[in-house]
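Descriptive analysis of the structure
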Amino acid sequence: MKSLKIGDKVIYPNQGLGVVEAIHEEAHYGENLTVFHLRIIANNTLVTVPSASALEIGIRRPVTEGSIRKIYEFIGNGAIDVSTDWKGRYKEHLNLMKSGTLFDMATVLKSLYYLSLHKPLSFREKKMMEKAKELIVSEISVAAAAPSEKVEEKLLGTLSRCFKTAKPRVAA
C-alpha cells in the first residue's frame, strides 16, 4: 500500500469504495507515520489509516476485469452451501463481509439471495444482503467503468438464472 497516490481508488472492507484524498507524515506516540486520508464514497466519510495498518485492515485496490469475470462465473454457478442454523449463518456471513474480498461478499450475497427465494429473511439478513449487493456493485462498476445500474442488473440477472435449477447443500 506504500505505492498509493492521491486520487487512487481503494476498497475499505465492509465500507466500500474510497479515494485517497491526502497522504501525510504524522507523529503518533513519538513515531512518524505515513497516514492515508480516505474518503468513503458511499457515505462521504473521511477515514484516517496509518499505512502500516492498511494491509492488516484489508484495504486493497479494486479488482481487475479478469476477476470480475470470475466473480460472475462463481455467482452463476448453482452450487451453494446453506446453513439452517441462522445464528451460525449470520456470524459466518458477518466474518465474510469483514474480510472485504469481493469473493467473500459474493458468497454472502449468493447464499442470502438463495434463502430469500425460499423463506423470508430476518431484518439483519435483509440488510446484510443489500450491503453485500451494494459493495459488489460499487466495486465492479468502478473496476469495469460501467454504470452501477447496469452492473446491478447483470448481477441480479446472473443470480436469478443461477437458482432456477439449483440444488443447495444444506448444512445443519
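The structure this text deals with has already been given above.
Basis of the calculations
- Residues numbered from 1 in each chain as written.
- Predicted model: local features only at pLDDT ≥ 70, side-chain atom pairs only at ≥ 80, totals over all residues.
- Heavy atoms only, no water.
- Helix = DSSP H or I, 4+ residues; strand = E, 2+ residues; numbered from the N terminus.
- Areas by Shrake-Rupley, 256 points an atom, 1.4 Å probe, with all protein chains shown as cover.
- Lys, Arg positive; Asp, Glu negative; His and termini not counted.
- Charge placed at Lys NZ, Arg CZ, Asp CG, Glu CD.
- Pairing = 2+ DSSP bridges.
- Axes fitted to C-alpha atoms, helices over the stretch in contact; angles between N-to-C directions.
- Contact = heavy atoms within 4.5 Å.
- Parallel < 35°, antiparallel > 145°, perpendicular 65-115°, else oblique.
- Left-handed = near helix turned anticlockwise from the far one by under 90°.
- Nonpolar A, V, L, I, M, F, W, Y, C, P; charged D, E, K, R; others polar.
- Expected span 1.5 Å × (residues − 1).
- Buried < 20%, exposed > 50% of the residue type's maximum accessible area, 1.4 Å probe, protein only.

**Some points on the overall build of the protein**
Assigned secondary structure in the protein consists of 6 helices and 6 strands. Ordering the α and β elements of the protein from the N terminus gives β-β-β-β-α-α-β-α-α-α-α-β. As displayed, the protein has an accessible area near 9,800 Å², and 54% of this comes from carbon and sulfur atoms. Looking at the protein, you have 25 positive and 19 negative side-chain charges, and the mean spots of the two groups are 7 Å apart.

**Some remarks on the sheet that holds strand β4 (residues 45-50)**
Judged by pairing direction, the sheet is antiparallel, and its 4 strands sit side by side in the order β1-β2-β3-β4 without closing on themselves. At either end of the open sheet lies a strand with only one pairing partner, and these are β1 (9-12) and β4. For this sheet the average axis-to-axis angle between neighbouring strands, irrespective of direction, equals 45°. Both strand β2 (residues 16-28) and strand β3 (residues 31-40) contribute to a ladder of 10 bridges, which runs antiparallel. Bridge pairing links H28 to E31 in β3.

**Let's talk about the pairing of β4**
One ladder, built from 6 bridges, connects β3 with β4; its direction is antiparallel. By the bridge assignment for β4, V35 is matched with P50. Where β3 folds back onto β4 in an antiparallel hairpin, the turn is made up of 4 residues, including N44, whose phi is positive at roughly 60°.

**Thoughts on the side chain of H93**
As for its position among the elements, H93 is in helix α3 (residues 86-99). Apart from the residues lying within four places of it in its own chain, the contact partners of H93 are V108, S111, L112 and M128.

**Notes on the packing of helix α5 (residues 123-143) against helix α6 (residues 148-162)**
For the pair α5 and α6, the least separation of the axes is 9 Å and the interaxial angle reads 125°. The pairing of α5 with α6 is recorded here as oblique in orientation. Helix-helix and strand crossings are classified by hand; for α5 and α6 the assignment is right-handed. Touching K133, I136, V137, I140 and S141 of α5 are S148, V151, E152, L155 and L156, all from α6. Counted by class, the contact of α5 with α6 contains 6 nonpolar, 2 polar and 2 charged residues.

**Examining helix α4 (residues 102-118)**
Taking 1.5 Å per residue, 17 residues should reach 24 Å; α4 reaches 25 Å between its end C-alpha atoms and fits that length. Among the 17 residues that make up α4, 12 are buried, leaving the element largely enclosed by the rest of the structure. Among the residues of α4, L102, D104, M105, A106, V108, L109, K110, S111, L112, Y113, Y114 and L115 are the ones counted as buried. Turning to α4, the residues buried within the fold contact α2 (65-76), β5 (81-83), α3, α5 and α6.

Worth remembering: the numbers are spatial, not functional.
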